[in-house]
Amino acid sequence: LYVHRLGHHELACISMTALIPPQHEEIRTRERIMKSTYRILAYVIAGLVVVQAALIVYSFSALDKYISDGATITPAIWNATNASFPGTIGFALHWFDGVMFIPVVTLILVVVSFFAKIPGGVKWALSILGLLILQIVLGFVAHAVPGISWLHGVNAFVMFVVAVLAGRRVPQTQSDTTVTVAT
């Protein structure tokens, strides 16, 4: 119990932490950890989308310079397992990040969303998963139908925004809840 003096009025405050049994405090700690994990994972996904954009821009810029300098790319060179034209590493990392790493982080986010007890958290995590599935499908289909490849880029922006908004939905947790009584 502690007292705040505000002019002529005094406020008596009771720290609720002292009234919470130890097992409930352990549950609250786990919930805080899950909420923090949810926020971190959502922001990591947003960051990985930015990395995706950077990798593909680097790859095509390096490839463009390579061709502008007089080199040629044939299907045999493009599809070679040991391809070594500039930008190759960017294309490989773009693929790995988009088809392996982001899906794993997104699936972890979906699992965590069920335990984090964030209002609307599961819906936002599943939205990211849905956008990711669409992103992968668009990436593969764009190879056969290049006219829709721009949708892959637009969906990436949407996925970035949704991931940031999902991370921002997590309320800032306080370590202590206080009840105030006016006297």
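Residues numbered from 1 in each chain as written. Predicted model: local features only at pLDDT ≥ 70, side-chain atom pairs only at ≥ 80, totals over all residues. Heavy atoms only, no water.

Colleague: Mind showing me how you'd approach the overall build of the chain here?
Modeller: In terms of helices and strands, the chain carries 5 helices and 3 strands. Across the chain, helices and strands are ordered from the amino to the carboxyl terminus as β-β-α-α-α-α-α-β. Considering the chain as a whole, with its 183 residues, one finds that 30% of them fall into the buried category. When contacts within the chain are restricted to residue pairs at least 6 apart in sequence, long-range pairs at least 24 apart make up 71% of them. Put simply, the chain shows about 11,500 Å² of open surface, and 71% of that area lies on carbon and sulfur atoms. (Helix = DSSP H or I, 4+ residues; strand = E, 2+ residues; numbered from the N terminus. Buried < 20%, exposed > 50% of the residue type's maximum accessible area, 1.4 Å probe, protein only. Contact = heavy atoms within 4.5 Å. Areas by Shrake-Rupley, 256 points an atom, 1.4 Å probe, with all protein chains shown as cover.)

Colleague: For this particular structure, what's the right way to read helix α4 (residues 121–144)?
Modeller: Every α-helix winds through 3.6 residues per turn, so residues three or four apart in the chain are directed the same way. With 24 residues, α4 should reach 34 Å at 1.5 Å per residue; the first-to-last C-alpha distance of 35 Å fits that figure. Listed as buried for α4 are G121, W124, A125, I128, L129, L131, L132, Q135, L138, G139 and A142. (Expected span 1.5 Å × (residues − 1).)

Colleague: Explain unusual backbone geometry here, please?
Modeller: Most peptide bonds are trans, and most residues other than glycine sit at a negative phi. The residue K117 is not glycine, and still its phi comes out positive at about 55 degrees. Within the secondary structure, K117 sits in the loop between α3 (88–116) and α4.

Colleague: Even after reading the chapter, I still don't get the packing of α3 against α4, so can you show me in this structure?
Modeller: The packing of two helices is summarised by the inter-axis angle and the distance between the axes. The interhelical angle for the contact between α3 and α4, taken along N-to-C directions, is 160 degrees, at an axis separation of 9 Å. The angle between α3 and α4 falls in the class roughly antiparallel. Our pair here, α3 against α4, has a crossing hand that is left-handed. In contact with W95, G98, V99, I102, P103, T106, L107, L109, V110, S113 and F114 of α3, α4 contributes G121, V122, A125, L126, I128, L129, L132, I136 and F140. (Axes fitted to C-alpha atoms, helices over the stretch in contact; angles between N-to-C directions. Parallel < 35°, antiparallel > 145°, perpendicular 65-115°, else oblique. Left-handed = near helix turned anticlockwise from the far one by under 90°.)

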